[in-house]
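# Summary of structural features
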Amino acid sequence: MAFDQSYSAPRQAGVFFERRELERLLRLYGRMVAEGEWRDYGMDSLRDVAVFSVFRRTAEQPLYRIEKRPALAKRQGAWAVVGEGGHVLRRGHELEQVLRFFDKGRFKVVD
């Protein structure tokens, strides 16, 4: 019996967004697109983290990454908003709490 090297073992199940989490993320994305802040998004599901990345332009690095890490749920919180430089801007136990980061008022120039 020969060993077939083209066979790969089944991937372990990764971390995914639940339906209501994904719905909330896409609602935020739609709002920010309407405001002209964001233009594209990407999702990735890895073994230990699920990532929702948002871009100002498609060819750039992500402007923000919203990460779900269930391993940190009891300590720092499973949810985090990570900025362009890789700095954690907000971390928490609930998605709604973390997404309030994007609700902050921004200063606008008024003529």
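Keep in mind that what you see is a predicted model, and the values were worked out from it rather than measured.

## So, the packing of aromatic side chains
By convention here, two paired aromatic rings are described through the distance between centres and the angle between planes. If you walk through the whole model with that rule in mind, you get nine aromatic pairs. Ring geometry for Tyr-29 and Trp-38: centres 6.4 Å apart, planes at 25°, overall stacked. Classification of Tyr-29 by relative accessible area gives buried; the value is 13%. Owing to a relative accessible area of 2%, Trp-38 belongs among the buried residues under this scheme. Ring plane angle 85° and centroid distance 5.1 Å describe the contact between Phe-101 and Phe-102, whose orientation is recorded as edge-to-face. As far as the burial class goes, Phe-101 and Phe-102 line up, both buried. An aromatic cluster of at least three residues, connected via ring pairs, comprises Tyr-29, Trp-38, Tyr-41, Phe-52, Tyr-64, Phe-101 and Phe-102.

## Description of a nonpolar patch on the surface
Taken together, the side chains of Leu-26, Tyr-41 and Met-43 present a nonpolar region at the surface, about 250 Å² in accessible area. Within the secondary structure, Leu-26 is located in helix α1 (residues 19-34).

## Quick look at the side chain of Glu-67
Considering the arrangement of structural elements, one finds Glu-67 in strand β3 (residues 64-68). Side-chain polar atoms of Glu-67 contact the side chain of Arg-65, separated by 3.0 Å. For Glu-67, the side chain forms a polar contact with the side chain of Arg-69, separated by 3.2 Å. In this structure, Glu-67 is in contact with Val-49, Ala-50, Val-51, Ala-78, Trp-79, Ala-80 and Val-82, ignoring residues within four places of it in sequence.

What counts and how
Residues numbered from 1 in each chain as written. Predicted model: local features only at pLDDT ≥ 70, side-chain atom pairs only at ≥ 80, totals over all residues. Heavy atoms only, no water. Phe/Tyr/Trp six-rings, centres within 6.5 Å; stacked < 30°, edge-to-face > 60°. Buried < 20%, exposed > 50% of the residue type's maximum accessible area, 1.4 Å probe, protein only. Patch = residues over 30% accessible without salt bridge, like charges linked within 9 Å, V, L, I, M, F, W, Y side chains within 5 Å. Areas by Shrake-Rupley, 256 points an atom, 1.4 Å probe, with all protein chains shown as cover. Salt bridge = Lys/Arg side-chain N within 4 Å of Asp/Glu carboxyl O. Helix = DSSP H or I, 4+ residues; strand = E, 2+ residues; numbered from the N terminus. Polar contact = N/O pair within 3.5 Å; in protein donor to acceptor, adjacent residues only side chain to side chain. Contact = heavy atoms within 4.5 Å.

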